[in-house]
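Inside the fold
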Amino acid sequence: MSNTIDFMQYPWLVWGFVALIIFMLVLDLWVFNKKSHEIWNKEALKFSIIWISLAMIFSWIIWYMFWIEKFSEFQSAYWIEKSLSVDNLFVFILVFWFFKIPKIYQHKILFYWIIWAIVFRAIFIFAWIELINRTYITPNFFWLLSSPLELNFVLMIFWLFLVYAWIKSWKWEEDEEIKDLSESFAYRIVTRFFKTTHNLDWSKFFTIENWKKLATPLFITLVVIEITDLVFAVDSIPAIFSISSDPFILYTSNIFAILWLRSLYFLLANSMWLFSKLHYWLAVILAFIWIKMIIMPFYHVETTHSLIFIATVLIWTMIWSLSSSKEEEKK
């Protein structure tokens, strides 16, 4: 891994990133989406372009300041996090369907999920990096090598999570049965600590019924989505550690990817056919990361090569999805 960025030496970059995220979220909630409304493809595409553009501009600043290696790390981590987070979106569609959340209220739930994700991604990434730095070992049975070989216990656990995620990606089925979310751990957590109602009260998270304060389906859905996101983070965060150990690169790329994820959700919900083969891309990328983590102690794969591979597989999968959808339309 390359040297990490000492972000204390670049406070303007850190505060600029923070100010940009806060400004965009405030603009999003209190200007563009002040009133609850259904998000259609045109609006979702517009915001997707905005978030992608901001991420690319930020990555070019990284390139200008820290050269190609850091730029490649940012880009690779950004696209890997984005690809692995698509699984979340399929689950979000299921959760919204199960709790019968109207489309006009889905944006509000996803907005507050974004706030949750920004905070907990920071905790996850910075805590895991500190843990990784403290868990390197040098096994005695590698004494025959010309130089000491360092392995990491935590990264080996991450490797097992990636194997599980890889198997799950290959087994994904489009016609998978809808699960009963009332039996899920997240739903039981909500109903254990809050009294709930099945009735919507516009866009409120809580309502009053018979003089009792009750959690509405919007609040239940929000908590289920947030807990689900934590579970998915266990899959996705290990993957980006194969790209970089730089906390600033990992966190900023992760947040930009998540901020685009909300707009991508509406594109996905309205255009499922564009992503029909995406699970195969996830499986290929996970296999690539898995192999990269295995050979990491022996050989360092250049980040630029990783970026080229990720982009190539993504383009190929999208073309495959489009061609498959056209063939199905002809039948």
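Presented here is an overview of the structure given in this document.

The rules behind the values
Residues numbered from 1 in each chain as written. Predicted model: local features only at pLDDT ≥ 70, side-chain atom pairs only at ≥ 80, totals over all residues. Heavy atoms only, no water. Helix = DSSP H or I, 4+ residues; strand = E, 2+ residues; numbered from the N terminus. Contact = heavy atoms within 4.5 Å. Areas by Shrake-Rupley, 256 points an atom, 1.4 Å probe, with all protein chains shown as cover. Phe/Tyr/Trp six-rings, centres within 6.5 Å; stacked < 30°, edge-to-face > 60°. Buried < 20%, exposed > 50% of the residue type's maximum accessible area, 1.4 Å probe, protein only. Lys NZ or Arg CZ within 6 Å of the ring centre and 35° of its normal. Lys, Arg positive; Asp, Glu negative; His and termini not counted. Salt bridge = Lys/Arg side-chain N within 4 Å of Asp/Glu carboxyl O. Polar contact = N/O pair within 3.5 Å; in protein donor to acceptor, adjacent residues only side chain to side chain. Core = buried A, V, L, I, M, F, W, Y, C linked by side-chain atoms within 4.5 Å. Axes fitted to C-alpha atoms, helices over the stretch in contact; angles between N-to-C directions. Parallel < 35°, antiparallel > 145°, perpendicular 65-115°, else oblique. Nonpolar A, V, L, I, M, F, W, Y, C, P; charged D, E, K, R; others polar. Pairing = 2+ DSSP bridges. Left-handed = near helix turned anticlockwise from the far one by under 90°.

1. Structural notes on the overall build of the chain
For the chain, the count of helices and strands is nine helices and four strands. For the chain, the N- to C-terminal ordering of α and β elements is α-α-α-β-β-α-α-β-β-α-α-α-α. The contacts in the chain between residues at least 6 apart in sequence include a share of 78% that link residues at least 24 apart. For the chain, the computed accessible surface area is about 17,900 Å², with 68% contributed by carbon and sulfur atoms.

2. Observations regarding the packing of aromatic side chains
Two descriptors summarise a pair of aromatic rings, namely the distance from one centre to the other and the angle between the planes of the rings. Under the definition given, this model contains 27 aromatic pairs. Measuring from ring centre to ring centre gives 6.4 Å for Tyr 78 and Trp 260, while their planes differ by 10°; the resulting arrangement is stacked. One end of the pair, Tyr 78, is in helix H2 (residues 41-98); the other, Trp 260, is in helix H7 (residues 247-270), with 182 residues separating them in the sequence. Overall, Tyr 78 belongs to the buried group, its relative accessible area being 0%. Relative accessible area serves as the criterion here: at 10%, Trp 260 is assigned to the buried category. Ring plane angle 75° and centroid distance 5.0 Å describe the contact between Tyr 265 and Phe 266, whose orientation is recorded as edge-to-face. Residue class for Tyr 265 comes out buried when judged on its relative accessible area of 3%. Look at Phe 266 and you get buried, because its relative accessible area is 5%. An aromatic cluster is defined as three or more aromatic residues linked by ring pairs; in this entry it consists of Phe 17, Phe 58, Phe 74, Tyr 78, Trp 79, Phe 126, Phe 248, Tyr 251, Phe 256 and Trp 260. Its guanidinium or amino end placed over the ring of Phe 206, Lys 213 lies 5.2 Å from that ring's centre, counting from NZ or CZ.

3. Some remarks on the side chain of Glu 43
Positionally, Glu 43 belongs in helix H2. With no salt bridge to any partner, buried Glu 43 finds its closest opposite charge in Lys 46, at an N-O distance of 5.7 Å. A distance of 3.1 Å separates a polar atom in the side chain of Glu 43 from a polar atom in the side chain of His 37. Apart from residues lying up to four places away in sequence, Glu 43 is in contact with Asn 33, His 37 and Glu 38.

4. Some details on the nonpolar core
Trp 113 and Phe 256 are the most contacted members of the largest nonpolar core, which has 77 residues in total. Contributions of two or more residues to this core are made by helix H1 (11-32), H2, helix H3 (103-133), helix H5 (185-193), helix H6 (217-241), H7 and helix H9 (303-330).

5. Some remarks on the packing of H1 against H7
Axes are the key here: two packed helices are described by the angle between their axes and the distance separating the axes. Packing of H1 against H7 brings their axes to within 12 Å, and their N-to-C directions diverge by 10°. By the criterion of interaxial angle, the relationship of H1 to H7 is roughly parallel. The segment H1 lies against H7, with Leu 13, Val 14, Phe 17, Leu 20, Ile 21, Leu 25 and Asp 28 engaging Phe 248, Tyr 251, Thr 252, Ile 255, Phe 256, Leu 259 and Arg 262. Taken together, the residues that form the contact of H1 with H7 break down as 11 nonpolar, one polar and two charged.

6. Some details on the pairing of strand E4 (residues 212-215)
Two elements, strand E3 (residues 206-209) and E4, share four bridges in a ladder whose sense is antiparallel. Note on E4: the bridge partner recorded for Thr 207 is Leu 214.

7. Section: the packing of H3 against H7
The N-to-C vectors of H3 and H7 enclose an angle of 160°; their axes lie 10 Å apart at closest approach. In this view, H3 runs roughly antiparallel relative to H7, as classed from their interaxial angle. Considering the relative orientation of H3 and H7, their crossing is right-handed. By residue class, the composition of the contact of H3 with H7 is 19 nonpolar, four polar and three charged.

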